[in-house]
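# Descriptive structure summary
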Amino acid sequence: MNAAMIMGLVIITFVALIMVTIGLCQITKKENPVGFYNVIDPPRKEEISDVIQWNKKHGMIWIVYGICIELGFWLGYIAPSEVLEMVFMMGGVIIPLPFMVMRHRSLEKQYKVN
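Residues numbered from 1 in each chain as written. Predicted model: local features only at pLDDT ≥ 70, side-chain atom pairs only at ≥ 80, totals over all residues. Heavy atoms only, no water.

### Quick word on the overall build of the protein
To keep it simple, the criterion reads: Going along the chain from the N terminus, every DSSP run of H or I of four or more residues is numbered as a helix, and every run of E of two or more is numbered as a strand. Burial here depends on accessible area, computed with a 1.4 Å probe over protein chains only, as a share of the maximum for the residue type. Under 20% is buried, over 50% is exposed, and the range in between is partly exposed. Any two residues whose heavy atoms approach within 4.5 Å at even a single point are treated as in contact. A 1.4 Å probe and the Shrake-Rupley method give the accessible areas. Residues count as covered only by the protein chains that appear here.
Of the regular secondary structure elements, the protein holds 4 helices and 0 strands. Helices (α) and strands (β) of the protein occur, in sequence order from the N terminus, as α-α-α-α. Over its C-alpha atoms, taken along the principal directions, the protein stretches across nearly 55 × 20 × 20 Å. Taking all 114 residues of the protein together, 31% fall into the buried category. In the protein, the share of contacts with a sequence separation of at least 24, taken over all contacts with a separation of at least 6, comes to 69%. Accessible area for the protein stands at about 7,400 Å²; split by element, carbon and sulfur atoms hold 70% of it.

The structure is reproduced here in structure tokens:
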């Protein structure tokens with residue numbers, strides 16, 4: 001492992017830990033519902049049927065995202081070519097995003113009170 005890979009590992013691990021920390025904070029929050037996007041306000045408590053489950057499931061989205069980021073780095077590290085290395089590393093960051101949005105929308109349908 002050369003110096004560039006070590007620096008990449010440190011940066012990717014730091015970013016993945018931030019995502020996991022966000023998830024853990026959301027899981028432990030009990031009183032008010034957490035938000036998913038930064039550009040919109042989180043729902044009010046009266047808009048969610050089960051705040052604890054809402055928060056736990058949103059927290060798991062972020063924990064899984066952190067794991068995908070870290071896993072993408074390691075799959076890229078063991079990849080046999082530089083092209084595959086880049087595909088895995090970028091894929092670990094980009095590919096989960098639409099799945100995160102779809103999961104959030106399904107949780108809105110499940111827990112939002114109309």
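On we go from here.
### Details of the nonpolar core
Rules: Here the nonpolar core consists of buried residues drawn from Ala, Val, Leu, Ile, Met, Phe, Trp, Tyr and Cys, with membership extended through side-chain atoms lying within 4.5 Å.
Counting residues in each nonpolar core, the largest one holds 14 residues, and the members touching the most others are Trp-54, Trp-62, Tyr-65 and Met-100. Breaking this core down by element, the ones donating at least two residues are α1 (3-28), α2 (51-78) and α4 (96-111). Among the elements that make up this core, the one with the highest residue count is α2 (6 residues). Excluding residues within four positions of it along the chain, Trp-62 makes contact with Met-19, Val-20, Ile-22, Gly-23, Gln-26, Phe-36 and Met-100.

### Considerations on the packing of aromatic side chains
Going by this rule: Stacked, tilted and edge-to-face pairs are distinguished by plane angle, under 30 degrees for stacked and over 60 for edge-to-face with tilted covering the rest, among Phe, Tyr and Trp rings (Trp via its six-membered ring) whose centres lie within 6.5 Å.
All told, the structure shown has 4 aromatic pairs when counted by the stated rule. Centroid distance Phe-36 to Trp-62: 5.6 Å. Interplanar angle 45 degrees. Geometry classified as tilted. Of this pair, Phe-36 sits in the loop between α1 and α2 while Trp-62 sits in helix α2, and the two are 26 residues apart along the sequence. Per residue, the accessibility class of Phe-36 equals that of Trp-62, and both read buried. Note on Trp-62: relative accessible area 14%, which makes it buried.

### Here we look at the pattern of salt bridges
For the record, the criterion: Think of a salt bridge as a Lys or Arg side-chain nitrogen and an Asp or Glu carboxyl oxygen that are within 4 Å of each other.
According to the stated counting rule, one finds 3 salt bridges in the structure shown. Among the salt bridges present, the one from Arg-44 reaches Glu-46, with a minimum N-O distance of 3.0 Å. One exposure class covers both Arg-44 and Glu-46, and it is exposed. Its salt-bridge partner being Glu-47, residue Arg-44 comes within 3.5 Å of it at the nearest N-O pair.

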